[in-house]
Amino acid sequence: MKLSVLLCVYCKNDPERLDAVFRSMERQTRPADETVVVCDGALTDGIEKVLEAHANETVKLVRSEKNVGRGAARNMGIKECCGELIAICDADDISVPQRFELQLERFENDGSLAVVGGWCSERGDDDSVRVRRVPESDGEIKKMLRVRCPFNNMTVMMRKSALLKAGGYEEVNSGEDYIMWASMASNSEKSENIPQVLCCVETDSTFYKRRGGMEYFRRERFMMKRLLEKGIIGRTRYLINVTQRFFVQVCLPNGLRRLFYRAVIRSKD
């Protein structure tokens, strides 16, 4: 099966980290057939130099004159992807060398699969490493979907046909991935997560702070509303989810929020 990588970049990405992302894709034991890079608005000279350094016949640049946001940028890239399978790569997360090979093997073994993701490791600025484990089976994934995102979004590979059937990404400020998984679940698409680390993520002191505050809560509440509208959750689960998020994202100070995420969602490697 033909494999496309979809990578979106914008001006605030770190050129050094982006260079490492490209190198991780070039080291894959089963390389992608093409890499579609969406340039979301004007880029810095540093980013442009990285793109130039990794330019070859398999890299396709798609440029947007203005910054349109991740959902709209990904939709632009999807139209340019030639492969039936699309691997999502973030501009600052490193894929392990066996990632594509492992995921392609799952698709080849099960023609009914629409999405295959996996675990990710997070290295903090104190050099501690934690793993975000997500459920493996389709049933477990759909169960977790009702409470929180059941995928590490930077690890997913999906069928383009299932993605288009779900309507592509919603062009919203945040949560376009989570809403996408809800749309696919509404279409009864089958998913899996490989119980192995597929991507490595660097976090800093602002990581947990960015996951708090009233504006962040409003975006999370919007996502829960979309899940309610799609029939993934009922009114009671909606109220529980929103209440829990308000407590964690608005009421907890940053230090306690960090402890909560590390104790409940992430586990030590």
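Remember, predicted model here, so these are calculated numbers, not experimental data.

Draft legend 1. Up close: the overall build of the protein. On a plain count of helices and strands, the protein comes out with 10 helices and 10 strands. Taking the principal axes of its C-alpha atoms as reference, the protein extends roughly 50 × 40 × 40 Å. For the protein, the residues scored as buried account for 51% of the 269 residues in total. Contacts in the protein between residues far apart in sequence, at least 24 positions, make up 78% of those at least 6 positions apart. About 12,600 Å² of surface is accessible on the protein, with carbon and sulfur atoms providing 49% of the total. Across the protein, the 44 positively charged side chains and the 40 negatively charged ones have centroids separated by 8 Å.

Draft legend 2. Spatial organisation of the environment of I240. Here I240 is to be found in helix α9 (residues 235-251). Classification of I240 as partly exposed rests on a relative accessible area of 33%. The spatial distance from the C-alpha of I240 to the C-alpha of I179 is 18 Å, given a sequence separation of 61 residues.

Draft legend 3. The arrangement of unusual backbone geometry in detail. Of note, S188 is a non-glycine position whose phi angle comes to about 60°, a positive value. Locating S188 in the fold gives a position in the loop between α7 (176-186) and β9 (190-202). Overall, the relative accessible area of 62% leaves S188 in the exposed class.

Draft legend 4. Region of the structure containing the pairing of strand β6 (residues 113-123). Counting buried residues in β6 gives 10 out of 11 residues, a clear majority hidden from the surface. Here 10 bridges tie β6 to β9, and the two strands are oriented parallel to one another. In the strand pairing of β9, V116 is matched with E192. Across 4 bridges, β6 lies against strand β7 (residues 129-132) in antiparallel orientation.

Draft legend 5. View of helix α5 (residues 138-145). Within α5, burial applies to D138, I141, M144 and L145. Down the axis, α5 shows its buried residues gathered within 130° of arc, on one side only. α5 presents G139 and K143 as exposed residues on the side facing more than 90 degrees away from its buried surface. Buried residues belonging to α5 abut α7, β9 and α8 (214-229).

Draft legend 6. Summary view of the packing of aromatic side chains. Enumeration over the complete set of coordinates arrives at 2 aromatic pairs. Aromatic pair F217 and F246: ring centres 5.3 Å apart, planes at 75°, arrangement edge-to-face. Separated by 29 residues along the polypeptide, F217 in helix α8 and F246 in helix α9 bring together distant segments of the chain. Classification of F246 by relative accessible area gives partly exposed; the value is 34%. The residue whose ring lies beneath R133 is W119, and the NZ or CZ to ring-centre distance is 4.7 Å.

Draft legend 7. Looking closely at the confidence of the model for the protein. Of the residues in the protein, 94% reach a pLDDT of 70 or more, and the chain-wide mean stands at 91. When mean pLDDT is taken per element in the protein, strand β8 (residues 157-159) scores highest with 98 and strand β10 (residues 267-268) scores lowest with 53.

Draft legend 8. View of the packing of helix α1 (residues 15-26) against helix α2 (residues 45-53). Closest axis-to-axis distance for the α1/α2 pair is 9 Å, and the angle between their directions is 15°. Considered as vectors, α1 and α2 are oriented roughly parallel to each other. Pair α1 / α2 crosses with right-handed handedness. Taking contact as the criterion, the partners of P15, L18, D19 and F22 in α1 are, on α2, G46, I47, V50 and L51. In terms of residue class, the contact of α1 with α2 is made up of 6 nonpolar, 1 polar and 1 charged.

The rules behind these values
- Residues numbered from 1 in each chain as written.
- Predicted model: local features only at pLDDT ≥ 70, side-chain atom pairs only at ≥ 80, totals over all residues.
- Heavy atoms only, no water.
- Helix = DSSP H or I, 4+ residues; strand = E, 2+ residues; numbered from the N terminus.
- Buried < 20%, exposed > 50% of the residue type's maximum accessible area, 1.4 Å probe, protein only.
- Contact = heavy atoms within 4.5 Å.
- Areas by Shrake-Rupley, 256 points an atom, 1.4 Å probe, with all protein chains shown as cover.
- Lys, Arg positive; Asp, Glu negative; His and termini not counted.
- Charge placed at Lys NZ, Arg CZ, Asp CG, Glu CD.
- Pairing = 2+ DSSP bridges.
- Arc of directions from axis to C-beta.
- Phe/Tyr/Trp six-rings, centres within 6.5 Å; stacked < 30°, edge-to-face > 60°.
- Lys NZ or Arg CZ within 6 Å of the ring centre and 35° of its normal.
- pLDDT = per-residue confidence, 0-100.
- Axes fitted to C-alpha atoms, helices over the stretch in contact; angles between N-to-C directions.
- Parallel < 35°, antiparallel > 145°, perpendicular 65-115°, else oblique.
- Left-handed = near helix turned anticlockwise from the far one by under 90°.
- Nonpolar A, V, L, I, M, F, W, Y, C, P; charged D, E, K, R; others polar.

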